[in-house]
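# Understanding the architecture of this molecule
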Amino acid sequence: MRLDQQKSILSISSHVMRGAVGNRAAVFALETRGHSVWSVPTVILPWHPGHGRSTRIAVETEAFAGALSDLKGAKWRGEVRAAMTGYFADAGQVHAAADLIASFKQSDPDFLYLCDPVIGDAGGLYVAEAVAVAIRDALLPLADLATPNRFELGWLAGAPVDDNVAIAAAAARTGVTRVVVTSAHAMMRGAIANLLIEAGRQVLAEHQALERAPNGLGDLFSALFLSHVLGGLPAEEALRLSSSSVFEIAARSIRAGSDELLLQTEAAALKTPMASVAIRSLVSSVSARKRAVLPVPLDKEQAG
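Notes on the structure in this doc start here. What you see is a predicted model; the values in this text were computed from it and never measured. Residue indices follow the written sequence of each chain, beginning from 1 at its first position. Owing to the predicted nature of the model, reporting of local features is limited to residues with pLDDT of at least 70; listing and counting of side-chain atom pairs is limited to 80 or more, with chain, interface and lining totals taken over all residues. Neither water nor hydrogens contribute to the side-chain values; these are computed over all heavy atoms in the structure.

## Thoughts on helix 4 (residues 129-139)
Among the residues making up helix 4, those that are buried are Val131, Ala132, Ala134, Ile135, Ala138 and Leu139. For helix 4, the angular spread of buried residues about the axis comes to 160°, placing them on one side. The secondary structure elements touched by the buried residues of helix 4 are strand 4 (80-85), helix 3 (91-107), strand 5 (112-115), strand 7 (124-125) and helix 5 (150-157). Only protein chains enter the accessibility calculation, which uses a 1.4 Å probe; a residue whose area is less than 20% of its type maximum is buried, one above 50% is exposed, and one in between is partly exposed. Helix and strand definitions here come from DSSP, where helices need a minimum of 4 consecutive H or I residues and strands a minimum of 2 consecutive E residues; each element is numbered from the N-terminal end. Arc definition: it is the arc formed by the directions from the helix axis to the C-beta atoms. Any two residues whose heavy atoms approach within 4.5 Å are treated as being in contact.

Right under this line is the structure:
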């Protein structure tokens, strides 16, 4: 599918000097798929914190808000058709981003906004609670799409996420039309899963779990999912393609012995992924664990 080059995307998240996480992953993926990107850093780091401590260059809130105000009044604002947000350094940044995104949505009723609420993982919150609260209260109500992990969904919805039935109920509590939970409960042994919840239906995408996977998979998935939906694909197909691309790039990066996602060398997978993922529809009831559609087997040769 040929992408409309005029569909620019605003991407607000962290920036690393080395590696492929945050905006470094999202912007590369979006530009590779033909979008122009307005890239806004919330914090600048030499590398992902998972690699160890490093100097943190904070983008001061007043200056951040001023820059976003400039974008709001820019003569090119009409070219921006969608936005995505990820990591924020403080609550003031969140509110400035919400103000800008609300302005875009007011001007364009078809404007798409994806909220990737980067606030924590199974170990708990890794941002200040004020940041998580601001994302919940100021950004989620604006979102058309959201891509939390399981912990983030549970925290934001204030609800249990012990199984996929509970995840679907928690997603409904957010009020977001389309939610993809990027660490849902897999039904295949040795697999990990992404669960799409929209309009009362749930679709699970599963693939083989990978050991020592590089950071940045969530950032990459969110960018790809937004690109596919903006390009007009149904959410289920966007889920399949995004999951396939992320799986393929992660598997090949691990095989190469890299501690980062090798987006440049594996860029073809951002457009035409070859890895197979298992797709199944779940019944929206207590019997949700039953299969409605048989999964497509994983193709380990193609996956890397």
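Moving on, there is more to tell.
## Points about the side chain of Ser13
Following the sequence through the fold, Ser13 ends up in strand 1 (residues 8-16). In protein, a polar contact means a hydrogen-donor-capable atom and an acceptor-capable atom, both N or O and within 3.5 Å, with residues adjacent in sequence counting only if both atoms are side-chain atoms; elsewhere, any N or O pair within 3.5 Å suffices. Of note is the side chain of Ser13, whose polar atom sits 3.1 Å from the backbone nitrogen of Tyr87. Other than its neighbours up to four places away in sequence, Ser13 contacts Gly22, Asn23, Val40, Pro41, Thr42, Gly86 and Tyr87.

## Some words on the environment of His15
Tracing the chain through its elements places His15 in strand 1. According to the relative accessible area criterion, His15 is partly exposed, its value standing at 29%. Sequence separation between His15 and Gly78 is 63 residues, and the spatial gap between their C-alpha atoms is 25 Å. Contacts of His15, omitting those with residues within four sequence positions, involve Arg24, Pro41, Val43, Ile44 and Leu45.

## Considerations on the sheet that holds strand 11 (residues 201-208)
When DSSP finds at least two bridges between two strands, those strands are taken to pair. The 10 strands are arranged 3-2-1-4-5-8-9-10-11-12 in an open sheet whose pairing can be described as mixed. Strands at the two margins of the open sheet, each flanked by one partner only, are strand 3 (57-58) and strand 12 (278-282). Relative to strand 3, strand 2 (residues 37-45) runs antiparallel, the two sharing two bridges. Considered in strand 3, the bridge of Val43 is made with Ala58. Axis lines are fitted to C-alpha atoms, over the contacting stretch for helices. Their N-to-C directions set the angle, which ranges from 0 to 180 degrees. The strands that helix 1 (residues 22-32) touches are strand 1, strand 2 and strand 4; relative to strand 1, the one it contacts most, it runs at about 150°.

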